[in-house]
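For reference, the chains in residue letters:
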Amino acid sequence: MSQFKTSYEQDLRLATKRSDVFWYGLLLAVLLAIPFSLSEFYVGEMSFVFIYAIAGVGLMLLTGYTGLVSLGHAAFLGIGAYANAILLSEGVPFAVSLPAAGLITAAAGVAIGIPTLRMTGLYLAIATLAFGAIVVLVGEKWTSLTGGFDGFPVPTPTVLGFAIEGPSGVYYMALGILVLVVLVAMNVLRAPLGRALVAIRDSEISAQSMGINLAFYKTVSFALSAGITGLAGALFGHYVRHLAPDSFGILLSIQLVTIVFIGGLGSLHGAIFGAAFVALLPQAIALVRDDLPFGIGRLPGLEPSLFGLILVLVIMFEPHGINGRWQKLKRWFLAFPLHKRAAFRRQKTYAKTDRLR
Amino acid sequence: MSGSTGYFSARDLAMRFGGIRAVEGVSFDVRRGEVFSIIGPNGAGKTTIFNMISRIYTPSGGSLHFDGQDITSIAPHKIARLGIARTFQNIELFTNATLLQNLLIGRHCHSTVPILSQLLHLPSVRRAEVEHRRRAEAVIEFLNVQRYRDQLIANLPYGVRKVVELGRALCTEPKLLLLDEPSSGLNVEETEEMAFWIEDIKKDLGITIIMVEHDMKLVTAVSDRVLALNQGRILALGTSAEVQGDPEVIRAYIGGEPEPAAEVAA
Amino acid sequence: MDDFVRLLQLVINGTAAGCIYGLVALGFVLIYKATEMVNFAQGELMMLGAFFAYTFVGLWGLNYWLGFAMAIVCTGAFGYLLDAVVLRRVIGQPQFAVVMLTLGLAFIFRAAAGAIWGYDAVGFTTPFTNRIANLGGGVVLGQDNVSIIIGTVILCSVLYLFFSRTRMGIAMQASSQNQLAAYYMGIPVRTVFSLIWAISAGVAAVAAVLLAPVQMVDVNMGLIGIKAFAAAVLGGFGSIPGALVGGVIVGVVEQLAGYYLPAGSMELTSNIVLLSVLILRPQGLFGQVIRKRV
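All values derive from a computational prediction rather than experimental measurement. (Residues numbered from 1 in each chain as written. Chains lettered and ligands numbered in written order. Predicted model: local features only at pLDDT ≥ 70, side-chain atom pairs only at ≥ 80, totals over all residues.)

Let us look at the domain arrangement of chain B. All names here are of chain B. Partitioning chain B into domains gives domain 1 (1-83 + 176-183 + 207-266) and domain 2 (93-173). The C-alpha centroid of domain 2 is placed 28 Å from the C-alpha centroid of domain 1. Contacts between the two partners involve four residues from domain 1 and, on the opposite side, five residues from domain 2. When the residues that make up the side of domain 1 that touches domain 2 are grouped by side-chain class, the tally is three nonpolar, no polar and one charged. (Domains from an automatic or database assignment. Contact = placed C-beta atoms within 7 Å. Nonpolar A, V, L, I, M, F, W, Y, C, P; charged D, E, K, R; others polar.)

Position of Phe 96 of chain C relative to the elements: it lies in helix 4 (residues 95-117). Judged by C-beta crowding, with 21 C-beta atoms within 10 Å, Phe 96 of chain C ranks as buried. Along the primary structure Phe 96 of chain C and Met 37 of chain C are separated by 59 residues, whereas in three dimensions their C-alpha atoms are 9.2 Å apart. If we skip the residues at most four places from it in the chain, Phe 96 of chain C touches Val 69 and Gly 121 of chain A. (Helix = DSSP H or I, 4+ residues; strand = E, 2+ residues; numbered from the N terminus. Buried ≥ 20, exposed ≤ 12 C-beta atoms within 10 Å, placed from the backbone.)

Let us now look at the nonpolar core. Ranked by internal contacts, the top residues of the largest apolar core, which has 287 residues, are Ile 51, Ile 54, Ile 126 and Leu 235 of chain A together with Ala 53 and Ala 207 of chain C. Broken down by element, this core gets its largest block of residues, 18 residues, from helix 8 (residues 189-211) of chain C. Shared between two domains, this core holds at least three residues of each, these being domain 1 (1-83 + 176-183 + 207-266) and domain 2 (93-173) of chain B. Those residues in contact with Ala 53 of chain C that lie beyond four places of it in its chain are Gly 67, Phe 68, Ala 71, Ala 208, Val 209 and Ala 212 of chain C. (Core = buried A, V, L, I, M, F, W, Y, C linked by C-beta atoms within 7 Å.)

In this assembly, 40 residues from chain A lie in contact with 45 residues from chain C. Of all the elements, helix 6 (residues 121-141) of chain A adds the most residues to the side of chain A that touches chain C, at twelve residues. Of the residues that constitute the side of chain A that touches chain C, the class distribution is 30 nonpolar, six polar and four charged.

This part is about the environment of Gly 104 of chain C. Looking at where Gly 104 of chain C falls in the secondary structure, it is placed in helix 4. For Gly 104 of chain C, a count of 28 C-beta atoms within 10 Å corresponds to the buried category. Spatially, the C-alpha atom of Gly 104 of chain C lies 8.9 Å from that of Phe 40 of chain C, the residues being 64 residues apart in sequence. Not counting chain neighbours up to four residues away, the residues in contact with Gly 104 of chain C comprise Gly 308, Leu 311 and Val 312 of chain A.

Bringing the sheet that holds strand 8 (residues 208-212) of chain B into the picture now. Paired through backbone hydrogen bonds, the strands of a sheet run either parallel or antiparallel to each other. All names here are of chain B. Pairing within the open sheet is mixed, and its six strands lie in the order 6-7-8-3-9-10. Of all strands in the sheet, those bounded by a partner on one side alone are strand 6 (84-86) and strand 10 (233-238). Taken over all neighbouring pairs, the strand axes of this sheet differ in orientation by 15 degrees on average, direction set aside. Two strands pair when backbone bridges link them, and strand 3 (residues 35-39) and strand 8 are joined in this way by four bridges, in the parallel orientation. Within strand 8, the position partnered with Val 35 by the bridge is Ile 209. (Pairing = 2+ DSSP bridges. Axes fitted to C-alpha atoms, helices over the stretch in contact; angles between N-to-C directions.)

Residue and element names in this part refer to chain B. Pairing is antiparallel in the open sheet, where four strands are placed in the order 2-1-4-5. The open sheet is flanked by strand 2 (20-30) and strand 5 (69-70), the only strands paired with a single partner. One ladder, built from two bridges, connects strand 4 (residues 61-66) with strand 5; its direction is antiparallel. Across the sheet, the residue bridging to Phe 66 is Gln 69, located in strand 5.

Structure, rendered in structure tokens:
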């Protein structure tokens, strides 16, 4: 039974229904308790999900909400990871190195955002692809800074004298940053900034005639997205404990885009769902590997092919991603037994040409 | 306000695309508070003029002035803050947002809260948001679209979308409203409603309106003055009856009969 | 004189490499011009063409030219099926979705190829392998490179004649410019698009076979797609001659960078070229600037 709204303020609240507060509170309590109840392996897996989720939120703001496709976002993960690790190794305290890594990565976001302001969809995607490749190559060559192929060990962070180490340490760090990032993202979405981004995504010309400065907001979007992804990168560094430049290449970028896509473009829930999916997929495959028929499980290259297959199936049959399905499910339950079949059938869409012919 | 040049004025406006002269030597003034219609056959350059005013195109020649300011080459996003709003011929709404969100985006040019405050959702942000909401709701009430408030534009019928387009422009609290074919795609009743709204916008809100239109009934009903264009040049300028009776105008419409001078709606 | 000869050699090697990039880019552009879809699996189509050719010529020992032709036909058929079965279902979805779809397909193709043919690099002999052409004056070229350049020129001439002189070719041009009008003219647009995919895949197969003497066939061959992208962008994404010119430029710049700049600059160079073109002149050399009409 939903409540009736009696003031505009209610629409602004993060949790519009009292039941939401209950359920999310419960979720948080469960998440906080996990390191005490599950084995280190699962704690590690969950940390990985959190880190991917943070990066997912970052990319979702850029791609899902502003409509700017980035195929090179792993570069920001890398920049954040290395910035944090390098600062820590120079003796900078963690409480400074972490936000600094975010800011440095945000600056990198501005660096790629500004030259690409006039680029549309496809060209922007290719430009970010090139950018990602360049960052990795620079990382490999600038051995004095990054240690090149030898890698860079990530020092253990300490806060107020306590060393944050072990799977639980990384877990709580990642969870904390995730909650923070999600709150910031929600603040963005209920403010003029969020609306401006969505406007840019749906119609740049209209957005301009409403007074939205495209250059400014696109740059802000890049900066915010990169900064958040940089934070994820820093945490990633603590998760893997040892950094190498080639782990931040196109494969990781594609994984990030998949998170955003499979999760459902344009929804924060989607970023989390997608992250859970992509992060846990390798483990899921490993579990069922032996049970697959025809010895498929023993083939090398199973993982990327399943990855690809899922991507293809999702786009063909549920382009709104996991979040899309989730919304449909909720609507079905809420309307049952009065739901109409037609409401859940996908509308036929027609190709809209971008060309002026 | 100076007497010779109007509230809004175009002087020797020209737009050339390669060898094509879409608009050539167009000059006109619009008085404050009037409804000024631009008519002409397809390809006459009407929407091109609008696109120049809202700075989608930069004029190849001539100048545009609004409220004493030269707006010929200012940045496109600054138009809204100056008080000029427009609707688009083919509806450029934000389709993946709700009606309310579209209207709230229309409030953007009145948003002054810094980005950092927004990220932290400070009380100042909250107050500003409630105020924006209040004003958007006023527009919703004016246009009577309450029941569509939370629906995605993608799910709304064409007639409603046209109204939302108008509402979004109104949310910017414009002094000058550019309506690009407000009746296109609307049936008779919807067009009559549109006529009422244009009258209300002019009388109650005191907004000056420049309108591109094909529907002569609508033009005759609401316009104070009419400008007729053909092939980028001015044919006639005057009251609706004068322009529709002008032989040049009649010829431009290829023998089309002008509408008999109808009574202006009371 | 030596320097000149070396420069000439680099340019010719670069041109040959560039022809391959150009052919793959041609595949991109053909599909894009027709359907506005970007096929990120184009490189993998080339890989499949290479493996088909390897199977026919290398494994089954068929005559080179016969195997060549069969590879083109098989890859073309594969391309046709790909469009008919998969791509047709996603018409109307935003471009980004199609990008992701073809990326997913690329993964699947790579894994499937690995499962069928294994992950080792393999090769097969061609009439041009390890043969040289001595042009005099100290300029020595591998026949493989020469065959690439000549093969590309022949293919492009054939395609040009096809698109401008045959009914099907003109129908394809019509369909890519205005789908609705083409329908009204009785052109079976969907079939035409599948045929364009077939041609695109066939072109990729030709590129693969031309490349065979120079490079081994392996599952990761498709990564050439990124360089082909640079070529397509440089040429202007809607332009067919542009794709080739772009490819040659990328190939030559790469070779020159590889020789005159410090080690490891080659890959960096192609990416920097790509980024610079996108920033400074996004419509490339021959593309048109398009604008949305409101």
